[in-house]
Amino acid sequence: FNTQSKTPIWVAHVLKKSDFQNANYTERTNDFREDKNLKQYSPKPSDYTRSGFDRGHLAPAADFSYSEKAMSESFIMPNIAPQNPQLNRGMWADLEKSTRGLLKYKDINDIYVVTGTLYYKNTSLGEFNGVQIPTHFYKVIIEPQHGYSAAYLIPNDGSAVNHFSQYLIKIRDLEKVAKIDFNPQLS
């Protein structure tokens, strides 16, 4: 979490097929709340009111629909960043759904997901109530058993159109832009 931008830098989680098998699915809770551990640095859900931006999840709520507690935890503000409504409700939602959909394949049991915000060239798209608006969002998807992977870098300015596959990027190129090594254990 970046206390200056009041947004997450990145989040990581694992999607497990076993979590979704025979699960009682939890409905979306929408219980956005600040993180008391971050004290004055945590944005409040009300900071987004009339901002023109959605409270965009980095680790999507639907990825935790197998557990009421996990679903609720996805609504803590350090998992939220300002996201263009067109992106959040369109292409980004499609990318999140497609990522979960990979678990439907017989030979895929786990998917590692890293999602983050990017302030390209150290700029933002503006700010509201001390919350800076990221220029881009990214998602790295790794299926460890077979070594499948993909990365996407998508602008947050409303210009992203068509299908998320147009925003596919090599992981090593994303690492250079984000200045993060997503797989430090690998050569």
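Residues numbered from 1 in each chain as written. Predicted model: local features only at pLDDT ≥ 70, side-chain atom pairs only at ≥ 80, totals over all residues. Heavy atoms only, no water.

Novice: It is not clear to me how the sheet that holds strand β8 (residues 148-155) should be interpreted in this structure. Could you clarify?
Specialist: Two modes of strand pairing occur in sheets, parallel and antiparallel, and in both the strands are linked by backbone hydrogen bonds. Taken in spatial order, the four strands of this open sheet run β1-β4-β7-β8, and their pairing is antiparallel. Unpaired on one side and paired on the other, β1 (10-16) and β8 mark the two borders of the sheet. With strand direction ignored, the average angle separating the axes of adjacent strands in the sheet is 15°. Of the pairings in the sheet, the one linking β1 to strand β4 (residues 110-118) comprises seven bridges and is antiparallel in character. Bridging from a neighbouring strand, Trp10 pairs with Gly116 of β4. Here helix α4 (residues 91-101) sits on the sheet and contacts β1, β4, β7 (136-143) and β8; the angle it forms with β7, its principal contact strand, is near 10°. Relative to the sheet, helix α5 (residues 171-178) contacts β4, β7 and β8, its axis offset from that of β8 by approximately 45°. (Pairing = 2+ DSSP bridges. Helix = DSSP H or I, 4+ residues; strand = E, 2+ residues; numbered from the N terminus. Axes fitted to C-alpha atoms, helices over the stretch in contact; angles between N-to-C directions. Contact = heavy atoms within 4.5 Å.)

Novice: Where do I start with the layout of surface pockets in this structure?
Specialist: Any empty space left between the atoms is revealed when a probe the size of a water molecule rolls over them. As a volume, the largest pocket reaches approximately 330 Å³. Taken together, 17 residues make up the lining of the largest pocket; nearest its centre are Thr117, Leu118, Tyr119, Asn122 and Ala178. For the lining of the largest pocket, the elements supplying multiple residues, two or more each, are β4 and α5. Class assignment of the residues belonging to the lining of the largest pocket gives a composition of nine nonpolar, six polar and two charged. By volume, the second largest pocket amounts to about 280 Å³. Lining the second largest pocket are 16 residues, with Arg28, Arg55, His57, Asn88 and Glu96 positioned closest to its centre. The set of elements that each furnish at least two residues to the lining of the second largest pocket consists of β2 (54-57), α3 (85-89) and α4. Among the elements that line the lining of the second largest pocket, the one with the most residues is α4, at four residues. When its residues are assigned to classes, the lining of the second largest pocket shows eight nonpolar, two polar and six charged. (1 Å grid on protein atoms, 1.4 Å probe; cavity = no way out; pocket = protein on both sides within 12 Å on 5 of 7 lines; lining within 4 Å. Points joined across faces, edges and corners; volume = space filled by probe spheres on them. Nonpolar A, V, L, I, M, F, W, Y, C, P; charged D, E, K, R; others polar.)

Novice: Sorry if this is basic, but what is going on with the pattern of salt bridges here?
Specialist: Opposite charge on two side chains allows them to pair when their charged atoms are near. This structure, assessed with the given rule, holds five salt bridges. Close ionic contact of Arg89 with Asp54 constitutes a salt bridge, the shortest N to O distance being 2.6 Å. Taken together, the residues Arg89 in helix α3 and Asp54 in strand β2 connect sequence positions 35 residues apart. We classify Arg89 as exposed; its relative accessible area is 63%. On the accessibility criterion, Asp54 (11% relative accessible area) is buried. (Salt bridge = Lys/Arg side-chain N within 4 Å of Asp/Glu carboxyl O. Buried < 20%, exposed > 50% of the residue type's maximum accessible area, 1.4 Å probe, protein only.)

Novice: Just checking my understanding: could you explain the nonpolar core for this structure?
Specialist: The nonpolar side chains of a soluble globular protein tend to be buried with one another. The biggest cluster of nonpolar side chains holds 24 residues, and the ones touching the most others in it are Leu87, Met91, Leu95, Ile111, Tyr152 and Ile154. At the level of secondary structure, the elements contributing two or more residues to this core comprise β1, α4, β4, β7 and β8. Counting residues in hydrophobic clusters, the runner-up holds 12 residues, among them Ile142, Ile171, Ala178 and Ile180. (Core = buried A, V, L, I, M, F, W, Y, C linked by side-chain atoms within 4.5 Å.)

Limitation: the analysis is restricted to geometry and does not speak to function.
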